[in-house]
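Single-letter residue listing:
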Amino acid sequence: MSTTEITAELDRTVLFGGLDQEDLRRLAGIAREIGLQVGDTLFDQGDDSDALYIVVTGIVRIYLTADDSREATINLLEEGEVIGEIALLDGLPRSAGAAALTEVRLIVIPRDPFLEMLESTPKLARQIILMLCERLRAANAQVDQAIFHDLRYRLLGLLRQLAVIHGRVEKDVAIVDMELTQGTLAQMLGSSREAVNKQLRALAKENRIRVNGPHIEIFRGAGKG
């Protein structure tokens, strides 16, 4: 990807979209592109922070790892979204891991030159503050789901989210257009494969979802009641 192409990609992001073209070109000059295959790890929880990442194509899952190696996905990031900003700013180890849920292309901005630019670009600093506020609101929403909603509610919410960002939504049905094992869904929900299997079978029996080969269809109103 050329510097001009990277500049254009940066300009399409929420974080960098408000910057002047000169600042965007400066950022693009220190950036590079990388690619990941399905399942590849971008970084692990606890790793040192050395870069900021922007998703160009694909989906990256952000996850926490427990002491017993269980994983729980806490976010799915798609085109235009930023990864790794917290550890980049405070210099502490990564607070979560990141891995490719689909094939992914990313822009990488190294930490040291980015921090130098941050000190000299007030508009960039303001954009960072706004992004951190958005992250805090999203974290509050996730805590609400974990405390007040059961596995069925969270499973349906995850399936709808996957349909929106990697599938399609038609008149009365949302379709997850990717192959997902029950183990992967369980991992993303911080649950067991057996519990997810039980909920999928119950939802299918109630005609709230339909598993159609590699696709999962979620019918309108499935999350109600």
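A. Quick peek at the sheet that holds strand E4 (residues 60–65). Taken in spatial order, the 4 strands of this open sheet run E2-E7-E4-E5, and their pairing is antiparallel. A single partner strand is all that each edge strand has here, and the edge strands are strand E2 (41–43) and strand E5 (71–77). Adjacent strand axes in the sheet meet at a mean angle of 30 degrees, parallel and antiparallel pairs treated alike. As defined by bridge partners, E4 adjoins E5 across 6 bridges and the pair is classed as antiparallel. Residue pairing in the sheet places Leu64 in a bridge with Ala72 of E5. On top of the sheet, helix H7 (residues 182–189) reaches E4 and E5; it is set at about 85 degrees to E5, its chief contact.

B. Quick peek at the sheet that holds strand E11 (residues 209–212). One open sheet accounts for 4 strands, arranged E9-E10-E12-E11; its pairing is antiparallel. Looking at which strands have only one partner, the edges of the open sheet turn out to be strand E9 (167–169) and E11. Shown here is a sheet whose adjacent strand axes are inclined to one another by a mean of 15 degrees, direction ignored. When E9 meets strand E10 (residues 173–176), the two strands line up antiparallel, connected through 3 bridges. Note on E10: the bridge partner recorded for Gly167 is Val176.

C. Expanded view of helix H6 (residues 151–165). With 15 residues, H6 should cover 21 Å at 1.5 Å per step; its first-to-last C-alpha distance of 21 Å lies within 8% of that length. Buried within H6 are the following residues: Leu151, Leu155, Leu156, Leu158, Leu159, Leu162, Ala163 and Ile165.

D. View of the pattern of salt bridges. Applying the stated criterion across every chain yields a total of 10 salt bridges. Residue Glu71 pairs with Arg61 through a salt bridge whose shortest N-O separation is 2.7 Å. You can see Glu71 sitting in strand E5 and its partner Arg61 sitting in strand E4, a full 10 residues away along the chain. Here Arg61 falls in the buried class, since its relative accessible area comes to 9%. We note a salt bridge from Arg210 to Glu217, for which the minimum N-O separation is 2.6 Å. When its relative accessible area of 45% is taken as the criterion, Arg210 is described as partly exposed. Overlapping salt bridges bring together Arg152, Glu206 and Arg208 as one network.

Rules of the game
Residues numbered from 1 in each chain as written. Predicted model: local features only at pLDDT ≥ 70, side-chain atom pairs only at ≥ 80, totals over all residues. Heavy atoms only, no water. Pairing = 2+ DSSP bridges. Helix = DSSP H or I, 4+ residues; strand = E, 2+ residues; numbered from the N terminus. Axes fitted to C-alpha atoms, helices over the stretch in contact; angles between N-to-C directions. Contact = heavy atoms within 4.5 Å. Expected span 1.5 Å × (residues − 1). Buried < 20%, exposed > 50% of the residue type's maximum accessible area, 1.4 Å probe, protein only. Salt bridge = Lys/Arg side-chain N within 4 Å of Asp/Glu carboxyl O.

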